[in-house]
Amino acid sequence: MYYMQGLQNFEAVAIWVVFGVAIVGLLYAIFLRNQILREDKGTEKMQEVWNAIKDGANAYLQKQIRSIVPLIVMLTFALFLSVYIVPPSPEALERFADKTPDQVRFIIGIARALAFVMGAGFSLTVGQIGMRMAIEGNVRVASASRRSFGDALRIAYRAGTITGMLTDGLGLLGGTIIFIILGIAAPDALLGFGFGGTLLALFMRVGGGIFTKAADVGADLVGKVEAGIPEDDPRNPAVIADLVGDNVGDCAGMAADIFESYEVTIVSGLILGLALWHTTGRLEWIIFPLMVRGIGVLSSIIGTYFVKAGKTGKSEDAMKAIFSGFLTSAVVSAVMFFIAGFLYMNNAAMNEWGGWWRMPAAVGVGVLLAIVIDRLTEYFTGTHAAPVNDIKKAADTGPATLILNGISVGFESSVWSVLVIAVTIVASIFIFGTIPGVDGTIRATFVLYGVAMTGIGMLTLTGNNVAMDSFGPIADNANGIGEMSWSGKTDKATKDAQQIMADLDAVGNTTKAITKGVAIGSAVIAAVSLFGSFLVDVSRAQASFGTPAAEQIQAIGIRVDVPQVFVGMLIGGALPWLFSSFAIQAVTRAASLIVLEVRRQFKLGVLEGKVKPDYKQAVSISTTAAQKELVSLALLGIVTPIVVGLTLQVEALGGFLAGIIVSGQLLAVFLNNSGGAWDNAKKLIEDEPKDPKNNLGKGSERHKAGVVGDTVGDPFKDTAGPALNPMIKVVNLVAVIIAPIVVQYSQPDLPLGAKIGVWVVALALMGVLAWAVIRSKAPAQSMTAGIETPKKSGKRK
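Residues numbered from 1 in each chain as written. Predicted model: local features only at pLDDT ≥ 70, side-chain atom pairs only at ≥ 80, totals over all residues. Heavy atoms only, no water.

(A) How the structure looks around the overall build of the chain. For the chain, the count of helices and strands is 21 helices and zero strands. Since a compact globule built from 797 residues should have a radius of gyration of about 28 Å, the 26 Å found for the chain is in line with a globular shape. Within the chain, buried positions represent 64% of all 797 residues. A sequence separation of at least 24 residues applies to 85% of the contacts in the chain between residues at least 6 apart. (Helix = DSSP H or I, 4+ residues; strand = E, 2+ residues; numbered from the N terminus. Rg over C-alpha atoms; globule rule 2.2 N^0.38 Å. Buried < 20%, exposed > 50% of the residue type's maximum accessible area, 1.4 Å probe, protein only. Contact = heavy atoms within 4.5 Å.)

(B) A look at the side chain of Asp-537. Inspection of the secondary structure assignment puts Asp-537 in helix H16 (residues 492-544). Buried within the structure, Asp-537 lacks any salt-bridge partner; its nearest side chain of opposite charge belongs to Arg-540, at an N-O separation of 4.4 Å. Once residues within four sequence positions are removed from consideration, Asp-537 is found in contact with Ile-271 and Val-736. (Lys, Arg positive; Asp, Glu negative; His and termini not counted. Salt bridge = Lys/Arg side-chain N within 4 Å of Asp/Glu carboxyl O.)

(C) Quick peek at helix H18 (residues 563-603). In a regular helix each residue adds 1.5 Å, so 41 residues correspond to 60 Å; H18 covers 60 Å between its end C-alpha atoms and thus fits that length. The largest bend along H18 reaches roughly 25° and is located at Ala-574, with the proline Pro-576 sitting one to four residues downstream. (Expected span 1.5 Å × (residues − 1). Bend = angle between axes of the 7 residues up to and from the residue.)

(D) Structural detail: the packing of H18 against helix H20 (residues 701-744). For the pair H18 and H20, the least separation of the axes is 9 Å and the interaxial angle reads 140°. Put simply, H18 runs oblique to H20. Between H18 and H20 lies a crossing of right-handed hand. Counted together, Leu-575, Pro-576, Phe-579, Ser-580, Ala-583, Ile-584 and Val-587 of H18 and Pro-715, Phe-716, Thr-719, Ala-720, Ala-723, Leu-724, Met-727 and Val-731 of H20 form the full contact between these two elements. Split into classes, the residues belonging to the contact of H18 with H20 amount to 13 nonpolar, two polar and no charged. (Axes fitted to C-alpha atoms, helices over the stretch in contact; angles between N-to-C directions. Parallel < 35°, antiparallel > 145°, perpendicular 65-115°, else oblique. Left-handed = near helix turned anticlockwise from the far one by under 90°. Nonpolar A, V, L, I, M, F, W, Y, C, P; charged D, E, K, R; others polar.)

(E) Here's a closer look at the nonpolar core. With 264 residues, the main nonpolar core has Phe-195, Phe-288, Leu-504 and Phe-534 as its most contacted residues. The residues touching Leu-504, leaving out its near neighbours within four places in the chain, are Val-141, Phe-149, Ala-152, Leu-153, Ala-318, Phe-471 and Ala-475. (Core = buried A, V, L, I, M, F, W, Y, C linked by side-chain atoms within 4.5 Å.)

(F) Highlighting the environment of Ala-770. Within the secondary structure, Ala-770 sits in helix H21 (residues 752-777). Considered as a pair, Ala-770 and Tyr-449 are 321 residues apart in the sequence and their alpha carbons are 37 Å apart.

(G) View of the pattern of salt bridges. Within the structure shown, the criterion is met by 32 salt bridges. Measuring nitrogen to oxygen at the nearest pair gives 2.7 Å for the salt bridge that ties Arg-282 to Glu-284. Residue Arg-282 is classed as partly exposed on the basis of its relative accessible area, which comes to 25%. Classification of Glu-284 by relative accessible area gives buried; the value is 2%. Between Arg-600 and Glu-597 there is a salt bridge, with its nearest N and O atoms 2.9 Å apart. On the criterion of helical spacing, the pair formed by Arg-600 and Glu-597 is a turn pair, its members being three residues apart in helix H18. Neither Arg-600 nor Glu-597 differs from the other in exposure class; each is buried.

(H) Molecular detail of unusual backbone geometry. One non-glycine residue, Gln-649, lies in positive phi territory at about 80°. One can find Gln-649 in helix H19 (residues 615-686).

(I) Layout of a nonpolar patch on the surface. On the surface, Leu-327, Val-331, Val-335, Ile-339, Phe-342 and Leu-343 cluster together into a nonpolar patch covering about 550 Å² of accessible area. The topology assignment puts Val-335 in helix H9 (residues 315-345). Since its relative accessible area comes to 45%, Val-335 is described here as partly exposed. (Patch = residues over 30% accessible without salt bridge, like charges linked within 9 Å, V, L, I, M, F, W, Y side chains within 5 Å. Areas by Shrake-Rupley, 256 points an atom, 1.4 Å probe, with all protein chains shown as cover.)

(J) Focus on the environment of Met-468. By the element assignment, Met-468 lies in helix H15 (residues 462-485). Taking the relative accessible area as the measure of exposure, Met-468 reaches 1% and is therefore buried. The residues touching Met-468, leaving out its near neighbours within four places in the chain, are Tyr-157, Ile-322, Phe-326, Asp-374, Thr-511, Ile-514 and Thr-515.

(K) Geometry of the side chain of Ser-622. Relative to the helices and strands, Ser-622 is located in helix H19. What Ser-622 contacts, discounting residues up to four positions off in sequence, is Phe-211, Ala-214, Ala-215 and Ile-594.

(L) Quick look at the packing of aromatic side chains. Counting across every chain of the model gives 24 aromatic pairs. Among the aromatic residues, ring-to-ring pairing joins Trp-285, Trp-353, Phe-432, Phe-446 and Tyr-449 into one connected group. Directly above the ring of Trp-50 sits Lys-54, whose terminal nitrogen or CZ lies 4.0 Å from the centroid. Between Arg-375 and the ring centre of Phe-323, over which it is positioned, the NZ or CZ distance is 3.7 Å. (Phe/Tyr/Trp six-rings, centres within 6.5 Å; stacked < 30°, edge-to-face > 60°. Lys NZ or Arg CZ within 6 Å of the ring centre and 35° of its normal.)

Function-wise, these values are silent; they only describe arrangement.
So this is what it looks like as structure tokens:
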């Protein structure tokens, strides 16, 4: 840290305070863990169901780790070697001025590789520990529902907050440690840190999403539609796999997803801040983003204590309580941003660059963006607004009209989300594009820095966002545990507990949709910020090879009238659709196997109680299907930008990034919101008084239409949509990492042998892409053949 030129004592203290705040966040997670573990775990039957869920989730994650470790090892070496292809950055040479260039390369290579491993390890830790704590919480929420609505809400939210604090604490800790050690050379290693976190998030999102929706779709189609049994009926052989999937998909996957967004925004902010440091000589552009992150951790902790159940004990109260905690954190953080900005940046030097207020204002816009997306997503997916109720009404005329209505809701919501993000970027233009005396490429860098600051502000409330997301699967699992444990009981206390669980489950669906909306929005903002980092790095690389300033990419921009740039944009726009297609195909294949397995067991007499359901088979099918797709889908995001850059050159790579950002955002919001709306429309139908004769409630034709819509939406909102977030950022990070390499190998005086080598590498990578496509389209091997038939055990007790 002390290798930063001009670092003041206050700044040094501030960095160590941020480091301390990261530790406080982790300690608070431990405090909440101990608090949750002291709660009652319920009856022996509840714990039996809970243990089955826990065993299934642990088995899945262990197999997932074995599947991805080889690729992580290969990429670690690749990142180390990447620094030897291009000259060291000026910041690295300055930071290690007493070393030779080769020694600097070695140091930065080691730092980038270790940061990659740390980012991947932290992302994995957040996902794994967060999921385990969600599992610890779900049985305790089910038990608390027998006492009161307030207790169940408190336990569910605070169990989710553990994951939120881990995300905050580890994300801030990793970035701060790298900054303390490397100083101005930190961005070289932070790219590896962000890439590691993003890649693990992609693995956990894709794998968890395929697992959870294969089990969910299979369980619903045979259980609800064909057999007419309740959602979490213990006789359904796929019910445990469905409950396991909620944890590996929504808990582990979402936590890792937001963790990497948290890191990517700070990476892009520091890269752009470093560019402004070169221009202005001020360190505030680098130090203040870290201070903002520290403020966010404290604000999230404060907001936790404002989540309390209201007087009525209904789902409306739960949503209001959760939003109250979120809003409290937002207000506290916004006030603290401006106080910190005034105390730190209100000086004559910063006034020359537009004044102290600009950075806090940009961060405040990011917080406001999170709130607006929160409200917008709740409107399109919540049970009390018009879109979901219109979908519910469409069930009167069957599944086709219900699905069409949901598609239209998803399309409309995408438009409004894009407009909100566009307004946010325009706000950055007003804040940083109006600095007196600043124009040209420097003005563009200021504006892109402002976009990065809005992303940092948007994810300031990461603790709250992750808590809201984890609340969903915790409530869903608690509801499932209750249904399976209390099956057949009709006393008032049981009915009251079941209603509490149903209300919390409905709220959980909305909070999951909201946080997915925030994750998508943050992904786009982070991608735009990384796009700015890409332009900065390309220009610096071009300058190092003697390209005049007027001909550098920051000066001339990405010109879509250049044919190869337009081709790159087309490829970028198409990639999210191919990725989503393969993800949904994977769910379809695995769900088909689950359907066959559940039907097979039903034929053996599971429904009549002649044999016990074999839950392990469905868990095994979902696990195997998820692992099959992990590496191939990840390679689409890693290899495609490299091929585009090597074959079409760096300007086309910029067009490719622009295409994927626009297309990916629109598609992700559509998938997320249409799926969430279908899900909650089905739940509204299930909440009606059960009267199949009058086409009302569970078992009615309207309910079956709702189940079909929900089933279609499942892979939309929980597999393809969420997985697009890390995929977009993987692509952008890979582009930033390889940009200097692409510039070097695009030089006109490049030797013929080197040109041939570039094309050999490009062709080899095309072969890798072809393998990934073929593997993703390959039919799944039937896993029902040779399954041992369960032995009859008499009547079920």
